[in-house]
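For reference, the chains in residue letters:
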Amino acid sequence: MKAKALALAAAALIAFGLKQHYAGARADDLAWILGPTATLVGAMTDATFRWQPQEGYFSRERLFLIEKSCAGINFMLAAFGMLVIATLPRVGSGASAARVVGVSLLASYAAAVMVNAVRIAIAMWLAAHPVTPLSAADMHRVEGIVVYFGGLVLLYELAQRVDRRAARVATR
Amino acid sequence: MSRAMQAVARAFRRTALPLASYYAITLAVPLANGVERSDAFFKHAALVLVVPVTAIVLACAVNALKRALRG
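By convention here, each chain's residues receive numbers from 1 onward along its written sequence. Chain letters and ligand numbers both follow the written order, the letters beginning at A and the numbers at 1. Local features in this predicted model are restricted to residues whose pLDDT is 70 or higher, and side-chain atom pairs enter the listing and the counts only when it is 80 or higher, whereas totals over whole chains, interfaces and linings include all residues. The basis for the side-chain values is all heavy atoms of the structure; hydrogens and waters are excluded.

Caption draft 1: Inspection of the overall build of chain A at higher detail. A helix here means a DSSP run of H or I that spans at least four residues, while a strand means a run of E at least two residues long, and both kinds are numbered starting from the N terminus. Counting its regular elements, chain A contains five helices and three strands. Shown N-terminal to C-terminal, the secondary structure of chain A runs as helices and strands in the order α-α-β-β-β-α-α-α. Dimensions of chain A, computed from C-alpha atoms along their principal axes, come out at roughly 55 × 30 × 25 Å. The contact criterion used throughout is that any non-hydrogen atoms of two residues lie within 4.5 Å. Across chain A, the fraction of contacts at a sequence separation of at least 24, relative to all contacts at a separation of at least 6, is 68%. Of the roughly 9400 Å² that chain A leaves accessible, carbon and sulfur atoms contribute 65%. The positive count covers Lys and Arg only, the negative count covers Asp and Glu only, and His and the chain ends enter neither. We put the charge of a Lys on NZ, of an Arg on CZ, of an Asp on CG and of a Glu on CD. Each charge class in chain A can be summarised by its mean position, and for the 17 positive and 10 negative side chains these summaries are 14 Å apart. Exposure was quantified through the Shrake-Rupley algorithm and a 1.4 Å probe, taking into account, for residues, occlusion by the shown protein chains and nothing else.

Below is the structure:
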């Protein structure tokens with residue numbers, strides 16, 4: 001019980017710290033997440049993104065800027081909280097609490113980069129192929145909601161599978 | 001309860017945690033931080049509330065259709 005509370009408190013502190021960092025950050029401060037995202041979007045779309053100081057990653061040929069609001073920090077926070085809660089039953093000691101929080105943080109970072117890259121790649125395609133009666137802004141919003149929520153569901157399913165497999169291995 | 005309704009209820013139970021996490025970060029946190037309750041925010045909130053629920057129901061419908069076509 002104490003270890004679970006410790007894990008939750010550590011997760012809340014990390015989430016709060018990340019949110020504070022994001023609130024005051026400029027694009028330069030978010031290079032740790034914008035950089036890998038821009039690389040992945042470039043690989044998916046064949047676009048070349050170049051770093052623009054204080055702005056983000058810009059693709060001249062697509063006229064598309066990956067900037068602070070595209071960083072996917074909110075997705076990362078949602079994924080982190082979800083993973084910590086989903087794996088909380090595995091916490092039984094201080095060490096397992098640290099493991100759950102650490103692995104959840106790394107997994108939420110990796111998921112944020114991947115899911116956000118998919119979201120941006122689809123947004124770039126939609127910007128070039130306007131196909132719906134919705135306005136471009138509404139379409140962008142709906143696409144973001146579908147991709148982020150879908151990403152959270154997939155991540156949760158993956159975590160459940162890994163957790164079940166780990167439990168099977170542990171009982172052998 | 002019909003089989004379709006049971007499938008939808010199961011899907012909502014299965015996605016409850018991702019849905020709660022998503023709503024928390026997109027709605028509860030901004031509201032707790034005192035976001036301005038403007039028309040733009042209410043429009044955003046309506047989309048955030050409706051789109052995931054619609055996606056779950058649609059996914060169930062596609063799944064049921066696939067099963068029916070398989071016989």
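Caption draft 2: Structural context of the pattern of salt bridges. A pairing counts as a salt bridge when a side-chain nitrogen of Lys or Arg comes within 4 Å of a carboxyl oxygen of Asp or Glu. For the coordinates displayed, the defined rule picks out five salt bridges over all chains. In this structure, Asp138(A) engages Arg141(A) in a salt bridge whose closest nitrogen and oxygen atoms are separated by 3.7 Å. Here the residue Asp138(A) and the residue Arg141(A) both occupy positions in helix α5 (residues 136-171), the gap between them amounting to three residues, near one helical turn. The exposure class assigned to Asp138(A) is buried, which follows from its relative accessible area of 15%. Put simply, Lys43(B) and Asp138(A) hold a salt bridge, and the shortest N to O gap is 3.2 Å. Taken as a pair, Lys43(B) in helix α3 (residues 39-70) and Asp138(A) in helix α5 lie in two separate chains rather than in one. It is possible to trace a salt-bridge network through shared partners that takes in Asp138(A), Arg141(A) and Lys43(B). The cut-offs for exposure are 20% and 50% of the maximum accessible area for each residue type, with area from a 1.4 Å probe on protein chains only; residues under the lower value are buried, those over the upper are exposed, and the others partly exposed.

Caption draft 3: Up close: unusual backbone geometry. Residues and elements named next belong to chain A. Even without a glycine there, the phi angle at Asp-46 is positive, about 65°. Here Asp-46 is to be found in the loop between α2 (31-45) and β1 (50-52). Backbone geometry at Leu-63 places phi at a positive 50°, although glycine is not the residue there. With respect to the helices and strands, Leu-63 occurs in the loop between β2 (56-59) and β3 (64-66).

Caption draft 4: Representation of helix α1 (residues 2-24) of chain A. Residue and element names in this part refer to chain A. Every helix has an expected span of 1.5 Å times one less than the residues it contains. Over its 23 residues, α1 extends 33 Å from the first C-alpha to the last, a length consistent with the 33 Å expected when each residue adds 1.5 Å. Of the residues making up α1, those classed as buried are Ala-3, Ala-7, Ala-11, Leu-18 and Tyr-22. Looking at the buried positions of α1, the neighbouring elements they touch are α2, α3 (73-87) and α4 (94-128).

Caption draft 5: Region of the structure containing the confidence of the model for chain B. Known as pLDDT, the predictor's confidence for each residue is given on a scale from 0 to 100. Here chain B shows a mean pLDDT of 91. Residues at 70 or above account for 99%. By mean pLDDT, helix α1 (residues 3-14) of chain B is the weakest element of chain B at 90, and helix α2 (residues 16-32) of chain B is the strongest at 95.

Caption draft 6: Representation of the sheet that holds β3(A). Residues and elements named next belong to chain A. Two strands qualify as a pair provided DSSP detects at least 2 bridges between them. What the three strands build is an open sheet, ordered β1-β2-β3; its pairing is antiparallel. At either margin of the open sheet sits one strand with a lone partner, and together these are β1 and β3. Sheet twist, expressed as the mean angle between neighbouring strand axes with direction ignored, is 35°. Where β1 meets β2, three bridges bridge the pair, whose relative direction is antiparallel. Bridging across to β2, Gln-52 finds its partner in Gly-56. Structural elements are reduced to axes, namely lines fitted to C-alpha atoms, with helices fitted over the stretch in contact, and the angle between N-to-C directions of any two is expressed from 0 to 180 degrees.

Caption draft 7: Representation of the interface of chain B and chain A in the model. Each partner contributes to the interface: chain B provides 16 residues, whereas chain A provides 18 residues. Note on definitions: buried area is the accessible-area loss of two parts on being combined, 1.4 Å probe, summed for both. Of the roughly 1600 Å² buried at the junction of chain B and chain A (both faces included), carbon and sulfur atoms supply 79%. By the criterion of area lost to chain A, the three top residues of chain B are Leu17(B), Tyr22(B) and Ile25(B), representing 34% of everything that side buries. Where chain B packs against chain A, one counts two salt bridges. Any pair of nitrogen or oxygen atoms within 3.5 Å is treated as a polar contact; in protein, a donor-acceptor pairing is required on top of that, and neighbouring residues in sequence qualify only through side-chain atoms on both sides. In this assembly, chain B and chain A are joined by two residue pairs in polar contact (both at pLDDT 80 or more).

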